[in-house]
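Spelled out from the first residue to the last, the chains are:
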Amino acid sequence: MPKTLLVKNADLLVTMDGQRREITQGGLYVEDNLIVQVGPSAELPASADEVLDMQGHIVIPGLVNTHHHMYQSLTRAVPAAQDGELFNWLTSLYPIWAGLTPEMIEVSTQTAMAELILSGCTTTSDHLYIYPNGCRLDDSIHAAREIGMRFHAARGSMSVGRSQGGLPPDAVVEREADILRESQRLIEDYHDASHAAMLRVVVAPCSPFSVSRELMREAAALARHYGVSLHTHLAENLKDVAYSREKFGMTPAEYAEDLGWVGHDVWHAHCVQLDQPGIELFARTGTGVAHCPCSNMRLASGIAPVRQMRDAGVPVGLGVDGSASNDGATMIGEVRQALLLQRVGFGPDAMTAREALEIATLGGARVLNRDDIGALAPGMAADFVAFDLRQIAFAGALHDPLAALVFCAPTQVSHSVINGRVVVRDGQLTNVDLPRLLERHNRLARQLVSGA
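This one's a predicted model, so the numbers in the text were calculated from it and none came from an experiment.

A. Main features of the packing of aromatic side chains. Inspection of the entire model under this criterion finds 8 aromatic pairs. Consider the rings of Tyr-71 and Trp-97, whose centres lie 5.1 Å apart with planes at 90 degrees: the pair is edge-to-face. With a gap of 26 residues between them, Tyr-71 in the loop between β6 (63-65) and α1 (86-97) and Trp-97 in helix α1 connect regions that are remote in the sequence. On the basis of relative accessibility, which here comes to 0%, the residue Trp-97 falls in the buried class.

Here it is, written out as structure tokens:
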């Protein structure tokens, strides 16, 4: 017999289904890890193995984080990297990151995932592109399994060091043959293409200024042979664009197209400086974008033209980006920031609360090339979160609970269910000793920064 879960009496249940239903006194019924029924509570089964009464709460699909660097949670607010744009910031931090250890990768991944989960995220990607001192992507994968988060593990890489005209120091780059061999091993060992898979592997050379053309092309061929997604950084700021023009004689979008890095199986992080022909190319090919508003503001990269992208038909999801360029991994906060920043850049009609939430759910699912997350509907993975509307942050805003969740100050979830399992109950993580984890994390952060 399947294990069943009943959620009932939510003040508002936001489905993000094909009709974008918002159901008052709503609920859903789950068998094992899949949603079986969604609707008014009175129409659902009366009992289940576990019942969550969500009176006083808003229930939404789990948020989807499409871009992160979790190891960077060890180097938040480092004095040397508090100011400066992307390239200055990176060159300040590369020498510190050269001291990373496997334990640091594991602990920082769990810390970042705990922060994401408590802020409403149920599926995340992580782009790990630096592997000193025996670090492997396996360290992140094992951490994700322990905490119970749905995970797209992106095997990043850097192969062009400073001596070859790249940005990173030679000490932190890898041989391209090793990168491709390791990427293949990870796909064969871990990638799960099945419906509602908890773990997928992504091929993800870091950026145009840290890998060669050849690696980009061979990485694309490898990914398509195995049917996995591709991810990299693109057009993050004006220096990024200038580098592409000087080095390759092309805009970042033209470079991506030349390498075969466009299509529904590809998503690029940032694209702050994506030009109009680039937007049209991405729309035509179904190429996705991970929009990271907090990081773009922190590094003064600019305001990504998300309104224009969505109007053209470009798939757009949200990302918190690295915890050392955002200094936070609060997913519901990123939703709010996305809305506010588009309005700063493009006017008061540039984004609505409902559109911001759609980008963070359905948009993220589409960017990650998934049709089994991002909405609450029969057959979808049972990933959803609840926020308690009885908090001071929402006082006076309950005329429209969905808008309240986006416009008002970000808060933590009261409940989170991932793959049918309760991972947050009454605001507490159920499978992580958070105080102990944070003590380890802070100790390792001091060790990493002091050792640089």
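B. Geometry of the nonpolar core. Within the largest apolar cluster, 146 residues are counted, with the highest numbers of intra-cluster contacts made by Trp-97, Leu-100 and Phe-384. A total of 9 residues in this core trace back to one element, the largest contributor, which is helix α2 (residues 102-118). Setting aside its immediate chain neighbours within four residues, Trp-97 contacts Tyr-71, Gln-72, Thr-75, Trp-89, Leu-90, Tyr-129, Ile-130 and Pro-132. By size, the runner-up hydrophobic cluster in this structure holds 12 residues, among which are Val-64, Ala-196, Leu-368 and Ala-381.

C. How the structure looks around the packing of α2 against helix α3 (residues 137-147). Closest axis-to-axis distance for the α2/α3 pair is 8 Å, and the angle between their directions is 40 degrees. Between α2 and α3, the interaxial angle falls into the category oblique. For the crossing formed where α2 meets α3, the hand is right-handed. Along its contact with α2, which presents Pro-102, Ile-105, Glu-106, Thr-109, Gln-110, Met-113, Ala-114 and Ile-117, the element α3 presents Asp-139, Ser-140, Ala-143, Ala-144, Glu-146 and Ile-147. Grouping the amino acids of the contact of α2 with α3 by side-chain chemistry returns 8 nonpolar, 3 polar and 3 charged.

D. Expanded view of the state of the cysteines. Summed over the entire model, instances satisfying the criterion amount to 0 disulfides. Cys-206 provides the cysteine sulfur closest to Cys-135, a residue in no disulfide bond, and the two sulfurs are 15 Å apart. The thiol of Cys-206 is not disulfide-bonded; the next cysteine sulfur, from Cys-292, is found 13 Å away. Taking the relative accessible area as the measure of exposure, Cys-206 reaches 4% and is therefore buried.

E. Looking closely at α3. Burial analysis of α3 places 8 of its 11 residues in the buried class, the great majority of the element. All of the buried residues along α3 are Leu-137, Asp-138, Asp-139, Ser-140, Ile-141, Ala-143, Ala-144 and Ile-147. In the core, the buried residues of α3 are packed alongside α2, β7 (121-128), β8 (150-157), α4 (176-190), β9 (199-205) and β16 (421-425). One or two steps after α3, the chain reaches Gly-148, where phi turns positive at roughly 85 degrees.

F. Local environment of the pattern of salt bridges. In the structure shown here, the tally under the stated rule is 28 salt bridges. Arg-425 is the partner of Glu-50 in a salt bridge, and the nearest nitrogen-oxygen pair spans 2.7 Å. Of this pair, Glu-50 sits in strand β4 (residues 50-53) while Arg-425 sits in strand β16, placing them 375 residues apart in sequence. We classify Arg-425 as partly exposed; its relative accessible area is 34%. The partner of Asp-138 in a salt bridge is Arg-136, and the shortest N-O contact between them spans 3.6 Å. One network of salt bridges, in which partners are shared, links Arg-20, Arg-307, Arg-310, Asp-311, Glu-355 and Glu-358.

Thresholds, definitions, all that
- Residues numbered from 1 in each chain as written.
- Predicted model: local features only at pLDDT ≥ 70, side-chain atom pairs only at ≥ 80, totals over all residues.
- Heavy atoms only, no water.
- Phe/Tyr/Trp six-rings, centres within 6.5 Å; stacked < 30°, edge-to-face > 60°.
- Helix = DSSP H or I, 4+ residues; strand = E, 2+ residues; numbered from the N terminus.
- Buried < 20%, exposed > 50% of the residue type's maximum accessible area, 1.4 Å probe, protein only.
- Core = buried A, V, L, I, M, F, W, Y, C linked by side-chain atoms within 4.5 Å.
- Contact = heavy atoms within 4.5 Å.
- Axes fitted to C-alpha atoms, helices over the stretch in contact; angles between N-to-C directions.
- Parallel < 35°, antiparallel > 145°, perpendicular 65-115°, else oblique.
- Left-handed = near helix turned anticlockwise from the far one by under 90°.
- Nonpolar A, V, L, I, M, F, W, Y, C, P; charged D, E, K, R; others polar.
- Disulfide = S-S within 2.5 Å.
- Salt bridge = Lys/Arg side-chain N within 4 Å of Asp/Glu carboxyl O.

Nothing here speaks to function; it is geometry throughout.
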